[in-house]
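Descriptive analysis of the structure
Listed below are the residues making up each chain.
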Amino acid sequence: MARDSQAALVALNRFGFGARGGASGDLINAASDPRGFVKAELARPNGVLLEAPGLQSTPQLGQAVFAYQDEVKQAREAAAKETAKAGTPPEAPQAPADQKPGPRRNLSLNTVATEIAGQMTDAKPANSAAKPETMQPNAAAPPPAKPAPQPLNVIQKTFRAEALARLQRATLVECGFTERLVVFWSNHFCISATKGELARIWAGAFEREAIRPHVLGRFADMLKAVEQHPAMLYFLDNQQSLGPDSRAGQNRKRGLNENLAREIMELHTLGVGGGYTQEDVTSLARIITGWTFAGRQGGLGAPGSFAFNANAHQPGPQMLLGKTYESAGLAQGEAALADIARHPATANFIATKLVRHFVADDPPPVLVARLRDVFVKTDGDLKALATALVDSDEAWKAPLTKMRSPYDFVVASGRLLARVPEDPGGYLNNLNLLGQPLWSPAGPNGFPDTSAAWAAPEGMKLRLDIAAQMGARLGPNIDPLDLLEFAAADAASIETRKTIERAESRQQALALLLMSPEMQRR
């Protein structure tokens, strides 16, 4: 069979995370049978699951947070007593030093090579430019000693361990199609680690437990797992939602919280314009009252586990999307979710988002219709949906014009450089800098999935800074032209090849390679 390097580039970049460097032979393997190369991962459903030493379940992590919070409370109370005895005011707690960097200046992309050359010549990190000398009071005084770094708490340790496991998996897999599907569904059903301590420690477990087991399963099963996961219930405040006529609602004089119900319909299933009304949102909110998680006292179950609180559930039948759901406790909400998962608007919404993510910002209507039909005919079989996507000619003929997201970019760079992460810090810092902090979108609609969101000049300048730093650190020991063969071989453009050949140093050439269309576009 003839080898097709261009189709291999589509296989690896559009559907995966790009070719791995070293002796992987990814591009050669993909060139022999591009579609078969991508679909091979779909035949290994257990390969989507992620298990690693030290990764714990959501209830275990919930109990760890509750124990940590108790320790912090006890320490504060003890410190307050000691302070009261000494007669001095307590020391104000320090704010966490995780503020995002301020805005950087824009850069014309026509000067990319010049900027990289300047950085290579200076041999300084991108953020260490010399500042004009000014007169300062006490200029001769030595700088104050930096306080010793505080040890990571259980929440920080867990987040970094989960991030490392995810990054290592993405770096090591052959193609990365199923990992890309995980990223897609995790962003579709997103939570944000910035919500609070429980959200941060649960972010990775949420993806492992509610997303990964169903990526090649049924959409209805994933929907149920997501909406009943403590991380989603906490993120959208459903534990605060009480049926107005429920025992708890009458006792506490509190009522519905519609956050989860609204996002289920608007963002997770039917989509805007999917045929539902505000009354449907309110009705679904009533139906899922009582969906919560057990707290630290464990009155409803193991702390940190999903629980149904009958005392908080709105009694009586509810009308939703023209159908009446009889009062049946937990089963009432599960029946409603099952029907919404099979709704024609859900099929159209999911098909459109999947095509936009993998193929084009403006999804080809013919391909969307085909995937919508597959979704309906297979009762939301996500493996069948992914297979239909790979089998479509449109997915292979569309030009590679979509901009890689920051996550795709940093993973693709690590793969090409054959750098298996041993510490997630560098990756997490780069993702923060580029505006896509891991598991931390600004809202429940997740991170954007169009090129315009990531191709702005400011974002490209920041990518250039990162590429230049990689070039300065790794360039002397790497031949960028060899890496270009791993990444694209004869599918690389003449312009990219000439640009790399004309670079003034290996460091500059590596930075230019990482900024090339072959590395930035999918």
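Above this text sits the structure in question.
The rules we used
Residues numbered from 1 in each chain as written. Predicted model: local features only at pLDDT ≥ 70, side-chain atom pairs only at ≥ 80, totals over all residues. Heavy atoms only, no water. 1 Å grid on protein atoms, 1.4 Å probe; cavity = no way out; pocket = protein on both sides within 12 Å on 5 of 7 lines; lining within 4 Å. Points joined across faces, edges and corners; volume = space filled by probe spheres on them. Helix = DSSP H or I, 4+ residues; strand = E, 2+ residues; numbered from the N terminus. Nonpolar A, V, L, I, M, F, W, Y, C, P; charged D, E, K, R; others polar. Core = buried A, V, L, I, M, F, W, Y, C linked by side-chain atoms within 4.5 Å. Buried < 20%, exposed > 50% of the residue type's maximum accessible area, 1.4 Å probe, protein only. Contact = heavy atoms within 4.5 Å. Axes fitted to C-alpha atoms, helices over the stretch in contact; angles between N-to-C directions. Parallel < 35°, antiparallel > 145°, perpendicular 65-115°, else oblique. Left-handed = near helix turned anticlockwise from the far one by under 90°. Salt bridge = Lys/Arg side-chain N within 4 Å of Asp/Glu carboxyl O. Polar contact = N/O pair within 3.5 Å; in protein donor to acceptor, adjacent residues only side chain to side chain. Expected span 1.5 Å × (residues − 1). Phe/Tyr/Trp six-rings, centres within 6.5 Å; stacked < 30°, edge-to-face > 60°.

Before going further, it helps to examine empty space enclosed by the protein. Applying the stated criterion across every chain, the model contains three cavities of 30 Å³ or more. Quantified by volume, the largest cavity comes out at close to 190 Å³. As for the largest cavity, its lining consists of 17 residues, and the residues nearest its centre are Arg 166, Ser 186, Asn 187, Trp 439 and Phe 447. It is helix H7 (residues 177–188) that contributes the most residues to the lining of the largest cavity, three residues altogether. Residue composition of the lining of the largest cavity, by class: twelve nonpolar, four polar and one charged. The computed volume of the second largest cavity comes to approximately 40 Å³. Listed by contribution, the elements that provide at least two residues to the lining of the second largest cavity are H7 and helix H17 (382–391). It is H17 that provides the largest number of residues to the lining of the second largest cavity, a total of three residues. Looking at the lining of the second largest cavity residue by residue, the classes come out as seven nonpolar, no polar and no charged.

Time to look at the nonpolar core. Residues Phe 15, Phe 177, Trp 185 and Leu 284 are the most contacted members of the largest nonpolar core, which totals 139 residues. Here this core takes nine residues from helix H8 (residues 197–211), the largest share from any one element. Every residue in contact with Trp 185, bar those within four places of it in the chain, is listed here: Ile 211, Val 215, Phe 219, Met 222, Ile 350 and Leu 382.

The subject of this paragraph is the packing of helix H23 (residues 480–487) against helix H24 (residues 494–501). Remark: H23 packs on H24, axes separated minimally by 10 Å, with the N-to-C direction vectors making an angle of 160°. If you check the angle between H23 and H24, you find them roughly antiparallel. As for the relative orientation of H23 and H24, their crossing is right-handed in sense. Where H23 abuts H24, its residues Pro 480, Leu 481, Leu 484 and Glu 485 lie against Thr 496, Arg 497, Ile 500 and Glu 501. Residue composition of the contact of H23 with H24, grouped by class: four nonpolar, one polar and three charged.

Checked against the element boundaries, Pro 45 lands in the loop between helix H3 (34–39) and helix H4 (58–86). The sequence separation of Pro 45 and Lys 383 amounts to 338 residues, and the corresponding C-alpha distance is 9.1 Å.

This part covers the pattern of salt bridges. Tallied over the entire structure, the rule returns 26 salt bridges. A salt bridge links Arg 415 to Asp 26; its shortest N-O distance comes to 3.9 Å. Of this pair, Arg 415 sits in helix H19 (residues 406–416) while Asp 26 sits in helix H2 (residues 26–32), and the two are 389 residues apart along the sequence. Residue Arg 415 shares its accessibility class with Asp 26, and that shared class is buried. Salt bridges sharing partners connect three or more residues here, namely Arg 166, Arg 169, Glu 179, Glu 207 and Arg 212.

This brings us to helix H1 (residues 5–14). Of all ten residues in H1, nine are buried; the element is thus mostly enclosed. Taken as a whole, H1 has its buried residues at Ser 5, Ala 7, Ala 8, Leu 9, Val 10, Ala 11, Leu 12, Asn 13 and Arg 14. The opening residue of H1 is Asp 4, an N-cap whose side-chain oxygen sits 3.2 Å from the backbone nitrogen of Gln 6.

The terminal C-alpha atoms of helix H15 (residues 344–358), which comprises 15 residues, lie 22 Å apart, in line with the 21 Å expected from a rise of 1.5 Å per residue. All of the buried residues in H15 are Ala 345, Thr 346, Ala 347, Ile 350, Ala 351, Thr 352, Leu 354, Val 355, His 357 and Phe 358.

As a further point, take the side chain of Ser 192. Note on placement: Ser 192 falls in the loop between H7 and H8. In terms of polar contacts, Ser 192 uses its side chain to reach the side chain of Thr 194, at 2.7 Å. In this structure the side chain of Ser 192 is engaged in a polar contact, spanning 3.1 Å, whose partner is the backbone oxygen of Pro 441. Setting aside its immediate chain neighbours within four residues, Ser 192 contacts Ala 199, Phe 235, Trp 439, Ser 440 and Pro 441.

Let us now look at the packing of aromatic side chains. The tally for this structure, following the rule as stated, stands at 14 aromatic pairs. Geometrically, the ring pair formed by Phe 15 and Trp 396 is tilted, given 5.2 Å between the ring centres and 40° between the ring planes. Here Trp 396 lies in helix H18 (residues 394–397) and Phe 15 lies in the loop between H1 and H2, a separation of 381 residues in the sequence. The residues Phe 15 and Trp 396 share a single accessibility class, namely buried. Taken together, a centroid distance of 5.9 Å and an interplanar angle of 45° make the contact between Trp 185 and Phe 219 tilted. Separated by 34 residues along the polypeptide, Trp 185 in helix H7 and Phe 219 in helix H9 (residues 219–227) bring together distant segments of the chain.

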